[in-house]
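Each chain, letter by letter, is given below.
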Amino acid sequence: MFYLLIEQYSVGSKMVFGILFAVLIYIVLYYGFKMIEMGYVLKHRKPLYNHLYFYLKKLNAKQESILNNKFSFYNKLTEKQKKHFKHRVASFIEDKDFIGRDGSPITDEMKVLISATAVMLTFGFRDFYIGIISKIIVYPSKFYSKTNKAYHKGEFNPKLKTLVLSWEDFEAGYNIDDDNLNLGIHEITHAIHINSIKERDVSSTIFSDSFKELSALLSEKEGLRNDLIASPYFRKYAYTNQFEFLAVAIENFIETPQEFKSQFPSVYSKIRQMLNFNTVGY
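It should be emphasised that the depicted structure is a prediction, and the values quoted were computed from it without experimental measurement. (Residues numbered from 1 in each chain as written. Predicted model: local features only at pLDDT ≥ 70, side-chain atom pairs only at ≥ 80, totals over all residues. Heavy atoms only, no water.)

S.K.: Would you take a moment to explain the overall build of the protein chain for this structure?
M.R.: Per the secondary structure count, the protein chain includes 11 helices and 6 strands. By the burial criterion, 45% of the 282 residues in the protein chain qualify as buried. In the protein chain, 69% of the contacts between residues at least 6 apart in sequence involve partners at least 24 apart. (Helix = DSSP H or I, 4+ residues; strand = E, 2+ residues; numbered from the N terminus. Buried < 20%, exposed > 50% of the residue type's maximum accessible area, 1.4 Å probe, protein only. Contact = heavy atoms within 4.5 Å.)

S.K.: What is the right way to read the pairing of strand S1 (residues 97-100) from this model?
M.R.: Consecutive residues of a regular strand have side chains that alternate between opposite faces of the sheet. When S1 meets strand S2 (residues 135-139), the two strands line up parallel, connected through 4 bridges. Its bridge partner being in S2, Asp97 is matched across the sheet by Lys135. (Pairing = 2+ DSSP bridges.)

S.K.: I tried to follow the pairing of S2 on my own but got confused; where do I start?
M.R.: The buried fraction of S2 amounts to 4 of the 5 residues, a majority that puts the element mostly inside the structure. Taken together, S1, helix H4 (residues 108-121) and S2 constitute a β-α-β crossover, and its handedness is left-handed. Judged from the 5 bridges that link them, S2 and strand S6 (residues 162-166) form a sheet pairing that is parallel. Looking at S6, one finds that Lys135 is bridged to Thr162. (Right-handed = clockwise from strand over helix to strand, strands pointing away.)

S.K.: Whenever I open this one, the pattern of salt bridges confuses me. Can you help?
M.R.: Applying the stated criterion across every chain yields a total of 7 salt bridges. When the shortest N-O distance is used, the salt bridge between Lys57 and Glu94 registers 3.0 Å. Taken together, the residues span a long stretch of sequence, with Lys57 in the loop between helix H1 (2-44) and helix H2 (61-70) and Glu94 in helix H3 (residues 79-95) at a distance of 37 residues. Among the salt bridges present, the one from Glu79 reaches Lys82, with a minimum N-O distance of 3.7 Å. (Salt bridge = Lys/Arg side-chain N within 4 Å of Asp/Glu carboxyl O.)

S.K.: Help me understand the packing of aromatic side chains in this model?
M.R.: Ring pairs (aromatic) are described by centroid distance and by the angle formed between their planes. This model, assessed by the stated rule, comprises 24 aromatic pairs. With centroids separated by 5.6 Å and ring planes inclined at 45°, the aromatic side chains of Phe234 and Phe245 adopt a geometry described as tilted. Within this pair, whereas Phe234 is found in the loop between helix H8 (222-230) and helix H9 (242-255), its partner Phe245 is found in helix H9, the two being separated by 11 residues in sequence. Judged by its relative accessible area of 8%, Phe245 falls in the buried class. In this structure, Lys96 packs its charged tip against the face of Phe92, placed 5.1 Å from the ring centre. (Phe/Tyr/Trp six-rings, centres within 6.5 Å; stacked < 30°, edge-to-face > 60°. Lys NZ or Arg CZ within 6 Å of the ring centre and 35° of its normal.)

S.K.: Please clarify how the sheet that holds S2 should be interpreted in this entry.
M.R.: Adjacent strands of a sheet pair through backbone hydrogen bonds, lying either parallel or antiparallel. Pairing in this open sheet of 4 strands is mixed, and the strands run S1-S2-S6-S5 from one edge to the other. Of all strands in the sheet, those with a lone pairing partner are S1 and strand S5 (154-157), marking the two edges. Put simply, the sheet's adjacent strands are angled 15° from each other on average, direction ignored. Set on the sheet, helix H5 (residues 167-175) makes contact with S2 and S6; between it and S6 the angle comes to about 75°. The strands touched by helix H6 (residues 183-198) are S5 and S6; relative to S5, the strand with the most contacts, the crossing angle is about 15°. (Axes fitted to C-alpha atoms, helices over the stretch in contact; angles between N-to-C directions.)

S.K.: I keep staring at a nonpolar patch on the surface and nothing clicks. Help me out?
M.R.: Together, Leu48, Tyr49 and Leu52 make up a nonpolar patch on the protein surface, roughly 280 Å² of accessible area in all. Relative to the helices and strands, Tyr49 is located in the loop between H1 and H2. Here Tyr49 falls in the partly exposed class, since its relative accessible area comes to 31%. (Patch = residues over 30% accessible without salt bridge, like charges linked within 9 Å, V, L, I, M, F, W, Y side chains within 5 Å. Areas by Shrake-Rupley, 256 points an atom, 1.4 Å probe, with all protein chains shown as cover.)

S.K.: Teacher, can you tell me more about the nonpolar core here?
M.R.: One broad trend across soluble globular proteins is that nonpolar side chains are buried collectively. In terms of nonpolar packing, the biggest core is built from 66 residues, with Phe85, Phe260 and Ile271 touching the most fellow members. In terms of residue count, the dominant contributor to this core is H4 (9 residues). The residues contacting Phe85, other than those within four sequence positions of it, are Leu67, Phe71, Phe73, Tyr74, Leu77, Ala116, Val119, Met120 and Phe123. (Core = buried A, V, L, I, M, F, W, Y, C linked by side-chain atoms within 4.5 Å.)

S.K.: Explain unusual backbone geometry here, please?
M.R.: Not every positive phi belongs to a glycine, and Asn180 is a case in point at roughly 60°. Inspection of the secondary structure assignment puts Asn180 in the loop between H5 and H6. One non-glycine residue, Asn276, lies in the positive phi region at around 50°. For Asn276, a relative accessible area of 10% puts it in the buried group.

S.K.: Sorry if this is basic, but what is going on with the environment of Glu94 here?
M.R.: For Glu94, a relative accessible area of 58% corresponds to the exposed category. When the C-alpha positions of Glu94 and Lys111 are compared, they lie 9.7 Å apart, and in sequence the two are 17 residues distant. There is a polar contact of 3.0 Å between the side chain of Glu94 and the side chain of Lys57. (Polar contact = N/O pair within 3.5 Å; in protein donor to acceptor, adjacent residues only side chain to side chain.)

S.K.: Please explain the environment of Phe207 as it appears in this structure.
M.R.: Along the chain, Phe207 falls in helix H7 (residues 202-220). On the basis of relative accessible area, Phe207 is assigned to the buried category, the value being 0%. Along the sequence, Phe207 and Lys270 sit 63 residues apart, while their C-alpha atoms lie 9.5 Å from each other. For Phe207, the contacting residues outside a window of four places in its chain are Phe125, Ile192, His193, Ser196, Leu246, Met274 and Leu275.

Purely geometric numbers; function is a separate question.
This is how it looks when you write it as structure tokens:
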């Protein structure tokens, strides 16, 4: 009996040691990777990798048809990128609570196009969920906001983790591809911006740090500021505050990238770095 107890104790000790050793190895590998990636990020201003999945989720046939026919950005992607894009759209749809208001039923088209807009903006991110968005409320048209007692086309409420959109105005944003007016891009950019301030994942850090670099650039370069204000390229609403400037700038970046790059290359470069955008045409 005594020897049996010693043998059991020895086996138990080995198991505990094995578990502790495995945990130690995991910690060393985890923090080792973090250090390597941080060095890579500091040098290249982008994550070490973006797309790494155990399996890829799929959209149903109707949802995929909507993406093919109504979201032009998707058709610019390579076949491999399209698989990753569809996986992210399907994942985003599952993660968010879509709610219709004022008799507006939530349709597949709403889910796919709103989610695709978010996925497009975060396609260069590793974490694409925009965790600060929990609910997406869709009205048929402009809605009355109790926040400031006015009618809005869209808004993002970080306290309630809620994105609110007028479907009529969301659709209008995609009717013309190059007018630099896109409600979905504008409001989701606000959510990404606030999310980047709250979160510390690698993509949020790059976004937040790049925004600080852009702000410093605009602060230091008086001539650039004057050129931006004098140019009709950005609508006047961009100069309301820093948050609105970024939202408008990203609308322009997505819809007219070559014109943006030609007119304001230094600002364009910071936006591209912020989003880690590596799609054809950008």
